[in-house]
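# Secondary and tertiary structure notes
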Amino acid sequence: EPPRRGLGHVAPRHDVEGFVGSFMRELNYGQGVSLTRSSLNDRYLALARTVRHHLQSRWMAALAQQADDQAKTVCYLSAEFLLGRQLDNAILASDLDDVVEEGLGQLGLSLSTLRAQEIEPGLGNGGLGRLAACFIDSLATMSVPCVGYGIRYEYGIFRQSFEDGWQREDTDPWLALGNPWEFPHPEHAVTVNFGGTTEHYEDEDGATRTRWLPDWDVQGVPYNYMVPGFRNGRVNTLRLWSAKATRGFNLNSFNAGDYVDAVRAETFAEKISMVLYPEDSTPQGKELRLQQQYFFVACSVHNFINQVLPSDFDLHKLPDRVIFQLNDTHPVIAVPELMRVLVDEKGFDWDEAWTITQQCFAYTCHTLLPEALEEWSIELMGRLLPRHLEIIRRIDEEFRAEVAAAFPGDEAMPRRMAIVGDHTVRMAHLATVAGSKVNGVAELHSQLLRDKVLPDFSALWPEKFTNVTNGVTPRRFLRLANRNLSSLITEAIGPGWVTDLDRLRELEPFADDPAFRERFREVKRLNKATLARTLQSRNGIEMPTTGIVDIMVKRLHEYKRQTLKVLHIVSLYEGVVSGRLAVEDVTPRVFAFGAKAAPGYAMAKQIIGLINAVGATVNADPRLDGRLTVVFPPNYDVTLAEKLIPAADLSEQISLAGKEASGTGNMKLALNGALTIGTDDGANIEIRRLVGDENFFLFGLLEPQVEELLAKGYDPASYAAADPRLTSALDLIASGAFTGGDASVFSGLVDNLLHHDRFLALADFSAYMEAQDRVDAAYADPEGWTRSAVLNVARCGFFSSDRAMREYIDKIWHAQPVVTSL
Ligand code: 26W
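Please read these numbers as outputs of a predicted model, since none were measured by experiment. (Residues numbered from 1 in each chain as written. Predicted model: local features only at pLDDT ≥ 70, side-chain atom pairs only at ≥ 80, totals over all residues.)

## A few points about the overall build of the protein chain
A tally of regular secondary structure across the protein chain gives 33 helices and 24 strands. Compactness check: the protein chain gives a C-alpha radius of gyration of 27 Å against a globular reference of 28 Å for 822 residues, within 12% of the reference. Counting over 822 residues, the protein chain shows a buried share of 50%. When contacts within the protein chain are restricted to residue pairs at least 6 apart in sequence, those whose partners lie at least 24 apart make up 76%. (Helix = DSSP H or I, 4+ residues; strand = E, 2+ residues; numbered from the N terminus. Rg over C-alpha atoms; globule rule 2.2 N^0.38 Å. Buried ≥ 20, exposed ≤ 12 C-beta atoms within 10 Å, placed from the backbone. Contact = placed C-beta atoms within 7 Å.)

In structure tokens:
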């Protein structure tokens, strides 16, 4: 390829010789070491920088073009982006696989050794953060202008280890060895204000206006990340903000003579982006978290308006050029922030600003748990963001007047719908009032959102509510994570599926081809062997590679019901030990778990302790003849997911119906040829409809039945009494059989199940056991099982995040793809 000096940059050479030269220059002059003296980390960094050149050159072209064209940009505001490792995705996107493999080979280096050196950016908790990463991947691949905006946490999600089976948390110093994927731009730092008071004043035209007199500030320094499309020449930007003390801040204290105070001020300011909050369902109402939220949102709004848009841009036309998508309520403070900028800083009338603001936002809700809906105390909001609280109050007053007019005589309605409650600001209400659209993340979730979570709002504005079922990126979770299956698919139907996942349908006829099925089984065998090697070297875990690989990977939460899975395992164990089951009749299985518990969630940590205790006992008991194995590798993350998912035969999606908003692990597993055992919940419903009842193991109460049971009074002990297997399993746990005879360790957990069981695990136990019998029966017929597995792959194209993005574009954003000239 010739250099393209006309664009102001030189494209790197896309051949082996060019790669080797560039790699050696990075090693020698970037890292300052010779090949012979270089460490593994030196080599990884040199490789990463060599690969990134190929994206950078596209990136510069994309940025130059973005400034020229008038396209609408999607600003995806998210407190979390759970990206996973970058190297392989960058190599894939720039079509460098062969060049890198060959080039490193010439130097006597191996790609697999170097890629293992990368520490993944764990800047998210789970589903919501990973979804954001999938969405920006799809938008880049579809050439839609998008900027992802978030926080560059210095410490991502904690590192989990087990001590005697109990979770221990350590910090995640992911930046310690250098990060070749980010580009800091301190010259574009944004000042963010906090605290203080507001005052009214008269402007030149005699109008009364308000200004904010803050009493402290920090700087947000942007760090840009490349978000490459799949071989389409498009590279979008993810802009993560890092907090720095402002110079003025330090100087004031310094002049006052207190040097130590000045240094303290610095750490105070920089604390804002220090650490990701590890709760993913129960907001803690912590001041620092509100600071984080306002910090990144204020930086992002400012950046888009003042640094991305042309300087002469007429802000009346803002809705033509931007949509701010709110990833749950975490960035909702952006709503009063945009109002403040338009009204206080740009001199807009209130009504005019509100009309614009409402068109610029849309809100995605990711939960159904009432305790997960964020509310901030009025006192805290007033102390930290006094002007924003005023703005929220005015929005609230006008909104309540609108409600009163729409429902005359109904006095309870405006009170129920209020944004500002007695003591708190309800962020979901603010998001719903401000957003042009509100969406849930799977069909059932969107319906329950309308009917149960925000019924008054959907009565007032039925057309505001919509559904977009989640999706996952086929690049990372099929093409990269499962190269064996990808090759088999491509051999059968060509490579087009990578960007057009519906084409997996063309695999359907192969489900009836015995030779194809045998090759499909060979892929699973290889993937299981790879997983076993990974677990061995990562944790010294011994994993058998025969039998059903039965996987449950997701955050630890009672509603997701890892306990139900444990009760199944304990029941099988108890059955064999008591003689109720003949060991020869037990289908060999590996039960694999991956799950982190929020550090403050005591019951979740108990459940982790229980899984490990049961695992230790079951794995060591010779009476089981090695047929049941529990593996629970610590620190489940995106990197481990990419190894577990391709090896799975069975996908456990067993949340209580009506509680899991969507799930996305369920999609990744089905797409990789695992069969699902699942409840009628979240996206499971859509998976089952697509793959067909006969290729899905459904069990459990339906959502309306859950409601009914709870309404008439749920007595978990009666379910335990009604199923002797359940009685025995609970008794065995309570007896101390898994804790060296100490009955006290899990007594709280068992009591909770027998007397509270908020998520109806006992009510669904018998149905779950019966479904697991169906699984065993199906697995006994390898041809039938493989046929179902192939059909799962063939029929899950719908769950591509490309499709999800198309729906957001059509229903919510009305944005257009932009053609990047290569
Ligand atoms: C601490 C407050 C809090 C509350 C909720 C933090 C984070 C959350 C998230 C909304 C939790 C979350 O990740 N939800 C998951 O979002 C996925 C993507 O839409 C869904 O697939 C999961 O079902 C949902 O649990």
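## Side note on the site of the ligand
As a matter of local geometry, the ligand sits amid 21 residues, with Gly-127, Leu-128, His-366, Ala-661 and Ser-662 nearest to it. Considered class by class, the residues forming the shell around the ligand number six nonpolar, eleven polar and four charged. When we break the shell around the ligand down by domain, the ones giving at least three residues each are domain 2 (69-85 + 120-469 + 806-813) and domain 3 (481-799). (Near = placed C-beta within 6 Å. Nonpolar A, V, L, I, M, F, W, Y, C, P; charged D, E, K, R; others polar. Domains from an automatic or database assignment.)

## Overview of the nonpolar core
Counting 238 residues, the largest nonpolar core has Cys-75, Ile-136, Phe-295, Leu-430, Ile-551 and Leu-644 as the members making the most contacts within it. Contact partners of Ile-551, with chain neighbours within four places excluded, come to Ala-592, Leu-644, Ala-648, Leu-650, Ser-651, Glu-652, Leu-669 and Ala-674. (Core = buried A, V, L, I, M, F, W, Y, C linked by C-beta atoms within 7 Å.)

## Considerations on the domain arrangement of the protein chain
The assigned domain composition of the protein chain is domain 1 (1-68 + 93-118), domain 2 (69-85 + 120-469 + 806-813) and domain 3 (481-799). Between the C-alpha centres of domain 1 and domain 2 there is a distance of 35 Å. Contact residues are listed per partner, giving 17 residues for domain 1 and 17 residues for domain 2. Among the elements that take part in the side of domain 1 that touches domain 2, helix 2 (residues 40-68) stands out by supplying 13 residues, more than any other. Here the side of domain 1 that touches domain 2 is composed, by residue class, of six nonpolar, five polar and six charged.

## Some details on the sheet that holds strand 19 (residues 548-553)
Taken together, six strands build an open sheet; the order of strands is 21-20-19-22-23-24 and the sheet is parallel. Where the open sheet ends on each side, the last strands, each with one partner, are strand 21 (628-631) and strand 24 (697-698). In terms of strand pairing, strand 22 (residues 650-653) meets strand 23 (residues 675-678) through four bridges, oriented parallel. In the strand pairing of strand 23, Leu-650 is matched with Leu-675. Along the sheet, helix 24 (residues 638-647) contacts strand 19 and strand 20 (589-594); its crossing angle with strand 19, the most-contacted strand, is approximately 140 degrees. (Pairing = 2+ DSSP bridges. Axes fitted to C-alpha atoms, helices over the stretch in contact; angles between N-to-C directions.)

## Some thoughts on unusual backbone geometry
One non-glycine residue, Asp-625, lies in positive phi territory at about 60 degrees. Position of Asp-625 among the secondary structure elements: in the loop between helix 23 (602-620) and strand 21. Residue Asp-625 is classed as exposed on the basis of its 12 C-beta neighbours within 10 Å. Not every positive phi belongs to a glycine, and His-814 is a case in point at roughly 55 degrees. Note that His-814 resides in the segment after helix 33 (801-813).

## Description of helix 24
Among the ten residues in helix 24, eight count as buried, and that is most of the element. Every buried residue belonging to helix 24 is among Val-638, Leu-640, Ala-641, Glu-642, Leu-644, Ile-645, Pro-646 and Ala-647, and all of these are buried.

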